[in-house]
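In case you want the letters, here they are:
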Amino acid sequence: MIRLFQPTLGEDELAAIAGVFADQWPGTGPRVRQFEEAFASYIGAPPEQMIAVTSCTEGLFQAMAALELDAASEVLLPTVSFIGAAHAVHATGARIRLVDVDPVTLNPRLEHIADALTPHTRAILVLHYGGQLPEISAIAELARAVGVTLVEDTACGLGGGQGAAYGTLGDVGVWSFDAMKLLVTGDGGMLRISDANLRRKIYDQVSLGGVVPGHEVAGGAVEWWRVNPSCAGRKARMNDLAAAIGLAQLAKLDVFVERRREIGQTYDSALRGLPWIGLPPPQKGVPYFYWIRTAPPIRDRLAAYLREHGVYTTFRYWPLHRTKLYADGQSYPGADQAADSTLLLPVHQNLSTADVARVIDLMLGFRC
């Protein structure tokens, strides 16, 4: 089966893990800080703004919790979003105010965000669908103008940007390193927080309330084993095993990005002549997804046909307003159109030339 996602792991990652084993310390340690610094350099952000955590979802939960939202607060969220983002807002007790998306880009437009703002809006949480968010700069300007916190769910957007890297345009950026992402650590995530006070609060939240290991404070301290947490935090910091893998992956990230762009361009050239599908908009980011659009009955038949011939496809992300938990009775025509007509084709750096040709041949041979 040709997979939709597949990480690239090998000898470099094994060697990195071996180094952790040799040090006999797989927990949170020096490699975590090295990874935070190297990642900061890659995205062009100050290293002190970074906090490596156990997952992107955990990062979203922590960011939302740190904003101290309540039942009177509203958070704007595209209905085409990762379910974990909605859960992170829901856990605070704040009201989720869903916004529609463009049916072609599957990202919100500035007008969607602007029209949904109310005096109760405290935050905007946006996903970079498929590796891009065309109007993120304008959305960031709007958020600053109205004094609302902008959180970028950059799980799909690593390697892309508009003048600055995605994840650095808002107040908070959150990245994912799970097994399906461009950079893989097994699981894990990264937070970038521009405001120092908010960053300190989140650091305490992911460190059992600000409890640091004894060896980090032992020098010259008396009774360094004492703890005095500032809040009822959780243990959510990344460990050195994951960070070591991340460092090895980061060194190859540009190669991964270039290969994905090559595959996207190959699909574009080969499929452009098919009259029954629409191709993705021009990619300004990294093709984390490659999605096509076609009539709903054709989409479903095509998905079944490709699966029968050994190619896995899917649609992501299922609109939140179509779920029982987050349905609000409102209309989201752009998201509904996208959910009924969009299909993701395989695009990852492990696809061979033969794999890409196989997908294309099947697409060209399909009779709709």
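Here, the structure is the one placed above.
None of these values were measured; they are calculated from a predicted model.

Focus on the pairing of strand E5 (residues 149-153)
Now for step 1: Buried residues dominate E5, accounting for five of its five residues.
Now for step 2: Neither face of E5 is open: one carries Thr 149, Val 151 and Asp 153, the other Leu 150 and Glu 152, and all of them are buried.
Now for step 3: Pairing of strand E4 (residues 121-127) with E5 involves five bridges; the strand directions are parallel. Considered in E5, the bridge of Val 126 is made with Glu 152.
Now for step 4: Between E4 and its parallel partner E5, the chain crosses via helix H6 (residues 136-146), and the hand of that crossover is right-handed.

Observations regarding unusual backbone geometry
Now for step 1: The amide bond that connects Arg 316 to the next residue, Tyr 317, takes the cis arrangement and shows omega of 0°.
Now for step 2: Along the polypeptide, Tyr 317 turns up in the loop between helix H11 (296-308) and helix H12 (333-341).
Now for step 3: Even without being glycine, Gln 24 reaches a positive phi, approximately 60°.
Now for step 4: With respect to the helices, strands and loops of the structure, Gln 24 is situated in the loop between helix H1 (11-23) and helix H2 (30-43).

A closer look at H6
Now for step 1: Turning to H6, its buried residues number three or more, namely Ile 136, Ile 139, Ala 140, Leu 142 and Ala 143. Down the axis of H6, the smallest arc covering the buried residues is 160°, so these residues share one side. Among the exposed residues of H6, those oriented more than 90 degrees off its buried face are Glu 141, Arg 144 and Ala 145.
Now for step 2: Those residues of H6 hidden inside the fold are in contact with helix H5 (110-116), E4, E5 and strand E6 (161-162).
Now for step 3: Gly 147 sits one or two positions beyond H6 and adopts a positive phi of about 70°.

Describing H12
Turn by turn, an α-helix covers 3.6 residues, leaving residues three or four places apart pointing in a common direction.
Now for step 1: Among the residues of H12, those classed as buried are Gly 334, Ala 335, Ala 338, Ala 339 and Ser 341.
Now for step 2: Buried residues along H12 sit in contact with strand E10 (290-293), H11 and strand E11 (342-345).

Describing the pattern of salt bridges
Now for step 1: Going through the model one piece at a time under the given rule, you end up with 17 salt bridges.
Now for step 2: Where Asp 102 meets Arg 109, a salt bridge forms, and the shortest distance between an N and an O atom there is 2.6 Å.
Now for step 3: Judged by relative accessible area, Asp 102 falls into the buried class, the value being 13%.
Now for step 4: Each member of the salt-bridge network shares a partner with another, and the members are Asp 12, Glu 13 and Lys 252.

Cut-offs used in this document
For every chain, the first residue of the written sequence is number 1, and numbering continues from 1 along that sequence. With the structure being a predicted model, the display of local features is reserved for residues of pLDDT at least 70 and the display and counting of side-chain atom pairs for 80 or more, all residues being used for whole-chain, interface and lining totals. Heavy atoms throughout the structure, all of them, feed into the side-chain values; hydrogens and water do not. Burial here depends on accessible area, computed with a 1.4 Å probe over protein chains only, as a share of the maximum for the residue type. Under 20% is buried, over 50% is exposed, and the range in between is partly exposed. Secondary structure elements are taken from DSSP: a helix is a run of H or I of four residues or more, a strand is a run of E of two residues or more, and numbering for both begins at the N terminus. Two strands make a pair as long as DSSP finds a minimum of two bridges between them. With the strands aimed away from the viewer, a crossover counts as right-handed if its path from the first strand over the helix to the second runs clockwise. The arc under discussion is defined with respect to the helix axis, by the directions toward the C-beta atoms. By definition in these notes, contact holds between two residues if any of their heavy atoms fall within 4.5 Å. Salt bridge criterion: a side-chain nitrogen from Lys or Arg within 4 Å of a carboxyl oxygen from Asp or Glu.

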